[in-house]
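Here is how the chains run, residue by residue.
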Amino acid sequence: HPLWQNSVYDPVLKPLKISYDPTTCLHIWNNGYSFLVEFDDSADRSIIVGGPLENQYRLKQFHFHWGAINEWGSEHTVDCKFYPAELHLVHWNAVAYPTFEEAVMEGDGLAVIGVFLKLGAHHEGLQTLVDALPAIKHKDTVIEFDVFDPSCLIPQCPDYWTYAGSLTTPPLTESVTWIIKKQPIEVDENQLEAFRMLLFTSDGEEEKRMVDNFRPLQPLMNRTVRSSFQ
Ligand SMILES: NCCOCCOCCNC(=O)c1ccc(S(N)(=O)=O)cc1
Ligand SMILES: [Zn+2]
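Residues numbered from 1 in each chain as written. Chains lettered and ligands numbered in written order. Predicted model: local features only at pLDDT ≥ 70, side-chain atom pairs only at ≥ 80, totals over all residues. Heavy atoms only, no water.

## Some thoughts on the packing of aromatic side chains
Each aromatic ring pair is described using two quantities: the centre-to-centre distance and the angle formed by the ring planes. For the record, the criterion: Ring pairs shown here join Phe, Tyr and Trp side chains whose ring centres sit within 6.5 Å, with only the six-membered ring taken for Trp; geometry is labelled stacked below 30 degrees between planes, edge-to-face above 60, and tilted in between. Secondary structure elements follow DSSP: runs of H or I of four or more residues count as helices, runs of E of two or more count as strands, with numbering from the N terminus. We call a residue buried when its accessible area falls under 20% of the maximum for its residue type, exposed when it is over 50%, and partly exposed in between, using a 1.4 Å probe and counting protein chains only. Over a ring means this: the NZ of a Lys or the CZ of an Arg is within 6 Å of the ring centre and within 35 degrees of the ring normal.
Per the counting criterion, the structure on display carries eleven aromatic pairs. Look at F39 and F62: their rings are 5.9 Å apart centre to centre, the planes differ by 40 degrees, and that puts the pair in the tilted class. Here F39 is found in strand 5 (residues 35-39), whereas its partner F62 is found in strand 7 (residues 57-66), with 23 residues between them in sequence. One exposure class covers both F39 and F62, and it is buried. On the numbers, 5.5 Å between centres and 70 degrees between planes, the contact of W161 with F229 is edge-to-face. Taken together, the residues span a long stretch of sequence, with W161 in strand 12 (residues 160-165) and F229 in the segment after strand 15 (225-227) at a distance of 68 residues. The exposure class of F229 is buried, given its relative accessible area of 13%. Residue placement shows K60 over the ring face of F100; its charged tip is 5.0 Å from the ring centre. Directly above the aromatic system of Y83 lies the positively charged group of K81, at a separation of 4.3 Å from the ring centroid.

Right under this line is the structure:
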């Protein structure tokens, strides 16, 4: 999604407030499309509020999209530039809807924080995840993941873009308030290569490396992207 050129500064936008409880972390698994870290969302223990949001939203999972090479991989672009990977932290509106599955079908059901990954310095917090990847190389493999604070993957800079959009994989429902952080996080080449060693395929099948698991850019049409910064 082409950010920046078509964005309008909205002075009404508030800072996003993020409060995650690291002990709500459950497991990390390879679902055949990406690898996901899932959280216990049975109570309001890991939530975001503020920003463009009317309600508070509960963290359910985070996952990534990345390319086969560093020239592409993100699902949003800034100034026509792709990043090598993009993190999505998926939250749902448990104030308005009883289950995640129902929230997925509603316009104000989900809020996804997008964070760009840029090639650079080693990322200590990400390394914890990278160390777990060999154990979930194949589709439908899972390992327990006790304590992890996803805040370590979110840049300090408060600036973000926001727009009303959709899931980038089926069911592609238009239920997502996208909140894309302006500042990328830096990860090193070995960490990106570790993502690319995962497989789309199950154990025993012919190996297909998990790369280029991003949706191609979609036309902006008449959508407005607002920025929280000038
Ligand atoms: N499985 C049958 C019922 O399905 C109900 C809805 O399931 C939705 C599954 N998809 C997701 O949860 C889901 C979540 C986030 C993103 S993304 N890449 O837009 O952040 C894409 C997809
Ligand atoms: Zn995603």
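Now that the structure has been shown, the text picks up again.
## Examining the coordination of the zinc ion (ligand 2)
The cut-off we apply is this: Sites may look incomplete, because water is not among the atoms used; the donor set itself consists of N, O and S atoms within 2.8 Å of the metal (3.2 Å for Na, K and Ca). A site with four donors is called tetrahedral when every donor-metal-donor angle falls between 85 and 135 degrees; four donors are called square planar, and six octahedral, when opposite donors sit more than 155 degrees apart and all other angles fall between 65 and 115; any other arrangement is irregular.
Distances from the zinc ion (ligand 2) to its protein donors, H63 (NE2), H65 (NE2) and H88 (ND1), fall at 1.9 to 2.0 Å. Around the zinc ion (ligand 2), the four donor atoms are arranged such that angles at the metal cover 98 to 116 degrees; this shape is classified as tetrahedral. As a motif over one chain, the donors of the zinc ion (ligand 2) read H-x1-H-x22-H. With respect to burial, H63 and H65 carry one shared label: buried.

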